[in-house]
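A look at the structure
Given next are the chains, with one letter for each unit.
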Amino acid sequence: MTDELDLLRGADPVPADAERWRDRPLGFEGERRLRQLVSGARRRRTVRRVVMGVATATAGAVAAIALTVSGPAASPAVAAPVALRPHASAADVSLAEIARRARAAAAAEPGKSVRGSHVQDWSMGLESGKDAVTVPQETLTRWNTDGSGSLLVVATDPRHPGRPVIDDGDPPRTVHDGKVVRRENYPPGIDGANQSYFEPPPPGAAALRDYLAVWHPGADRDPDELLGAVQDFLRVWTPGPREIANLATLLSRDAGLRPAGRVTDRMGREGQAFVRTTGGLQQMVVLDPDDGRVLDMEETCTRDDPEYRLKAGDVFSYTAWLS
């Protein structure tokens, strides 16, 4: 109870120097603290969670995919991807250097972030005593300044993992080797689902960290929460050079990542991998070493879990950004 009261006092909804009626919106810090209060206990990542779908969120829709490979004859090894394997290389670049390169690129051409994303996801669905492996999913979202937008979700062919199946045109958008799970168009106005990250991200790494913490409480002080916030943010926005640099700066300073080496990701791109191990999972972030873009985020198990038929090294989930 004491912690909750401290958060409420910190939000300071009615400051002493307010005008008589004091009827006005909370400031940025007040809103952030109240969201922490409402959110309750901090979310913890654990291998023993039950994954209900491949992707959790885009700003306009939640696509929970029901296609699974399961049953007595099924095995997670049938559809589960192989973990990415970074290796030491003479071309390795430090996270600090990648952040520096990203800031230099942003200074030369700040660019703008675009609301919308193109991602491929995979996540292992777990039920105690059973096997269930979700099918890879590709999601394309696009939003316009008037609030209109579109969503396309495709279950990809697991026989061709890592191959993009949506032609990211405008329009047409062609689907190859996959099954359309969901296709929606949204009218102008406030999009009809999740308002997370609706406002454009602010300039500056510190301001971006606070912005992430509004929607993902704890992102301003906990490395696990920061990594989760970055992943969620990139489901909503395709960052421009300025936000790429700010994200790279946050990852280099606050995410507790250590270098893991060069890696070729599932899309055939060369990247620099950095990892953090916590709570039975290893979290990996793969960045483009030249401009700092986040290419992939992946979780792998670090210990066996017989109940869920998991072994150390099994992939638990991955997300690859295609644009």
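Residues numbered from 1 in each chain as written. Predicted model: local features only at pLDDT ≥ 70, side-chain atom pairs only at ≥ 80, totals over all residues. Heavy atoms only, no water.

Looking at the overall build of the protein
In terms of helices and strands, the protein carries seven helices and 12 strands. In the protein, buried positions account for 48% of the 323 residues. Intrachain contacts of the protein at a sequence separation of at least 6 include 64% that bridge at least 24 residues. Of the roughly 15,600 Å² that the protein leaves accessible, carbon and sulfur atoms contribute 53%. (Helix = DSSP H or I, 4+ residues; strand = E, 2+ residues; numbered from the N terminus. Buried < 20%, exposed > 50% of the residue type's maximum accessible area, 1.4 Å probe, protein only. Contact = heavy atoms within 4.5 Å. Areas by Shrake-Rupley, 256 points an atom, 1.4 Å probe, with all protein chains shown as cover.)

Looking at the environment of Leu208
Within the secondary structure, Leu208 sits in helix 5 (residues 205-215). Along the primary structure Leu208 and Asp220 are separated by 12 residues, whereas in three dimensions their C-alpha atoms are 9.4 Å apart. Here Leu208 is in contact with Pro201, Pro202, Glu243, Asn246, Leu247 and Leu250, once residues within four sequence places are set aside.

Considerations on the packing of aromatic side chains
Across all of its chains, the model carries two aromatic pairs by this definition. Relative to Tyr186, the ring of Trp143 has its centre 5.3 Å away and its plane inclined at 25°; by these criteria the two rings are stacked. With a gap of 43 residues between them, Trp143 in strand 4 (residues 137-143) and Tyr186 in strand 6 (residues 178-186) connect regions that are remote in the sequence. Under the relative-accessibility criterion, Trp143 is labelled buried at 9%. When the ring of Tyr211 is compared with that of Phe233, the centres are 6.1 Å apart and the planes differ by 85°; the resulting orientation is edge-to-face. Note that Tyr211 is positioned in helix 5 and Phe233 in helix 6 (residues 223-236), a separation of 22 residues in sequence. Directly above the ring of Trp143 sits Arg115, whose terminal nitrogen or CZ lies 5.1 Å from the centroid. One residue, Arg266, lies across the ring of Tyr318, its end atom 4.4 Å from the ring centre. (Phe/Tyr/Trp six-rings, centres within 6.5 Å; stacked < 30°, edge-to-face > 60°. Lys NZ or Arg CZ within 6 Å of the ring centre and 35° of its normal.)

Here we look at the nonpolar core
General note: in soluble globular proteins, nonpolar side chains tend to be found buried as a group. Residues Leu212, Leu251, Leu257, Val285, Leu287 and Val294 are the most contacted members of the largest nonpolar core, which totals 29 residues. Residues Ala83, Trp122, Cys301 and Phe316 belong to the second largest nonpolar core, which totals 10 residues. (Core = buried A, V, L, I, M, F, W, Y, C linked by side-chain atoms within 4.5 Å.)

Some remarks on the pairing of strand 12 (residues 315-321)
The buried fraction of strand 12 is high, at seven of seven residues. Where strand 2 (residues 114-123) and strand 12 come together, five bridges link them in antiparallel fashion. Within strand 12, the residue paired with Ser123 across the bridge is Ser317. Sheet topology places strand 11 (residues 294-301) next to strand 12; five bridges connect them, and they run antiparallel. Note on strand 12: the bridge partner recorded for Glu299 is Ser317. (Pairing = 2+ DSSP bridges.)

Comments concerning the confidence of the model for the protein
The predicted coordinates should not be examined in detail at positions where pLDDT is low. Put simply, the protein has an average pLDDT of 76, and 68% of its residues get 70 or more. Ignoring residues within four places in sequence, the model shows residues 18-29, a span with pLDDT below 50, making 13 contacts including any to other chains. (pLDDT = per-residue confidence, 0-100.)

Structural notes on the pattern of salt bridges
Oppositely charged side chains can pair when the atoms bearing their charge come close. All chains considered together, the criterion is met by 14 salt bridges. Notably, a salt bridge pairs Arg182 with Glu184, separated by 2.4 Å at the nearest N-O pair. Arg182 gets classed as partly exposed once you look at its relative accessible area, which sits at 26%. Since its relative accessible area comes to 26%, Glu184 is described here as partly exposed. (Salt bridge = Lys/Arg side-chain N within 4 Å of Asp/Glu carboxyl O.)

Focus: the environment of Gln231
Turning to its location among the elements, Gln231 is positioned in helix 6. You can call Gln231 buried: its relative accessible area is 13%. Along the sequence, Gln231 and Val294 sit 63 residues apart, while their C-alpha atoms lie 9.2 Å from each other.

Section: the pairing of strand 9 (residues 270-278)
With six bridges connecting them, strand 8 (residues 258-264) and strand 9 associate as antiparallel partners. Bridge pairing links Pro259 to Phe274 in strand 9. The antiparallel hairpin formed by strand 8 and strand 9 contains five residues in its connecting segment, where Gly268 sits at a positive phi of about 80°. Note that strand 9 and strand 10 (residues 281-287) share seven bridges and pair antiparallel.

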